[in-house]
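Reading the structure
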Amino acid sequence: MTSNQAVVAALRSQRIELPSWAFGNSGTRFKVFAQKGVPRDPYEKIADAAQVHRFTGVAPTVALHIPWDRVDDYADLARHAADHGVALGTINSNTFQDDDYMLGSVCHPDARVRRKALDHLLGCVDVMDATGSRDLKLWFADGTNYPGQDSIRARQDRLAEALTAVHARLGPDQRMVLEYKFFEPSFYTMDVPDWGTSYMQCVAAGPKAMVVVDTGHHAPGTNIEFIVASLLRAGRLGGFDFNSRFYADDDLMVGSADPFQLFRIMHEVVQAGALSPDSGVAFMLDQCHNIEPKIPGQIRSVMNVQEATAKALLVDADALAAAQAAGDVLGANGVLMDAFDTDVRPLLAEVRSGLGLDPDPLGAYVRSGYGAAIVAERVGGAQAGWGA
Ligand code: RM4
Ligand code: MN
C-alpha cells in the first residue's frame, strides 16, 4: 500500500459513535427552543441517527442514555437499530436528575442513596446485556459546593466502593469508562474532577475500567492532547466524548471552536496506533444542538472529526521523527503544521465516493428530503428533550 492508500483505508474504517440525546431538544437553563420534526421516543432518535450514518458511512452506532432512552424491550430497540443499518453502542448512566441525588449519588453520605445509585448502574449493565453494548459510561455529578460540606476522602472511598461493585458485575467483554469534569454542577469539589482521579479510581477498580476524555470538561488552556498521550501510554484511554467549548461545558459541535486542538488530539491518537476500531478507544460525540438543526449538526460534527483525523494521518511520521531526533525545533513543528494546513476535503470526498456515498454529506442529506418528511410526519406526541 502506498501511504495515501493507508490514509484512505484508515479513514474508511474510522468509527464515530453518535449520542441519542443530540437528536432531542436541548437548550440552556434559560430556554429550550423546540425544533419541528424532533423525535418523540428512542425509536425515532435511532432513525435520525441512522441518517447520519447513511450519509457519512462512519457512524454506525448510537449511544443511549438511561433513563432518557428507557424502553420496555431493549432487544427490540436493538433490532430496530439493525433494521436502520446501525447498532446500539455505549450505555450512559444517569444519576444526576433525581431529587435523592442533591448531595450526590454513589458518593452521597447516606448509604440508602448510594445503594439506589449503584442499583441504577447495575441496571445499566442489564441493559448492556440486552443491547449487546460493550461500554458503560459513568459520569457523576457528585461533589460539594462548600468547604467542609463533606469529607473529600470519604467520598473517594464511597466512589471506589461503587466502582468495584460495578466492575464485578461486568461481563467478560464489557467495560466501564469513567468520565471526569472539573466543575459543574458542583462548584467547590467534583468527586471526579480530572483525569488523575479517574485514572486512580480505574486502576483500583480493575482492568475493565478506563478513563474517558470529554473534551469540554477541562479548564480553559488545558493541554488535552498531553492527557490523551499519557492515558494512551498507560493503556487506560477508554474513549472520547467529543464536543467544543468556548467557556464551560458548551457541548458545541466538535472541531468548531478549536480545530487545531482536535488535530493535536488526533495526532496523539494516530501516533499511538489507537485509531482503529479494535484499539479499544471509543470515539463518541457528546453534543447538544440548541439552535442548529440536529441531524445536519451531527453530520457536520462527524465531518469535523474526519477532517482532523485525515490531517493527523497526513503527518509525515518519518520526517517528524528525524526532525525531533535532530533537535530541529522549527523543522518538527513545520512537519506538523504542513499536515494541519492541508485541505483534506478533496481526500475525504474521494473516501466517500469509494464507499459509494455522496461526496457532499450535508447536501445529500438536504436533497434526500428526510428533514422535510419528519417535520410533516412527526406531529402530536411529546418531543424528546434533554432530560427526557
Ligand atoms: C454530562 C456528561 C455526560 C453526558 C451528559 C449528557 O455533562 O458529559 O457524558 O452523558 O452530560
Ligand atoms: Mn460527556
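Below you will find a few notes about this structure. Residue numbers restart at each chain and count upward from 1, following the sequence in its written direction. Throughout, the order in which chains and ligands are written sets their labels, letters from A for the former and numbers from 1 for the latter. Given that this is a predicted model, residues contribute local features only at a pLDDT of at least 70 and side-chain atom pairs are listed and counted only at 80 or more, while totals for whole chains, interfaces and linings are drawn from all residues. Excluded from the side-chain calculation are hydrogens and water; included are all heavy atoms of the structure.

**Details of the nonpolar core**
Cut-off, in case you're wondering: For our purposes a nonpolar core is just a set of buried Ala, Val, Leu, Ile, Met, Phe, Trp, Tyr and Cys residues, chained together by side-chain atoms within 4.5 Å. Residue burial is assigned from relative accessible area. The probe radius is 1.4 Å, only protein chains are included, and a residue is buried under 20% of its type maximum, exposed over 50%, and partly exposed in between. We call two residues in contact whenever any of their non-hydrogen atoms come within 4.5 Å of each other.
Ranked by size, the top nonpolar core spans 100 residues in total, and within it Phe-240, Phe-242 and Met-266 carry the most contacts. Excluding anything up to four places from it in sequence, Met-266 contacts Gln-14, Phe-242, Leu-275, Phe-283, Ala-308, Thr-309 and Ala-312. Judged by nonpolar contacts, the second largest core, of 5 residues, contains Val-177, Met-210, Val-212 and Ala-282.

**Points about unusual backbone geometry**
Convention followed: Strands here are runs of E lasting at least two residues and helices are runs of H or I lasting at least four, both read from the DSSP assignment and numbered beginning at the N terminus.
Omega for the bond connecting Ile-66 with Pro-67 falls within 30 degrees of zero, at 20°, which places this linkage in the cis form. Note that the residue after Glu-184, namely Pro-185, is joined by a cis bond; omega there is 10°. Inspection of the secondary structure puts Pro-185 in the loop between strand E6 (175–179) and strand E7 (189–190). Tracing the backbone shows Glu-184 in the loop between E6 and E7. For Glu-184, a relative accessible area of 32% translates into the label partly exposed. Unusually for a residue other than glycine, Asp-251 sits at a positive phi of about 55°. With respect to the helices, strands and loops of the structure, Asp-251 is situated in the loop between strand E9 (237–242) and helix H8 (259–271). Assessed through its relative accessible area of 13%, Asp-251 is described here as buried.

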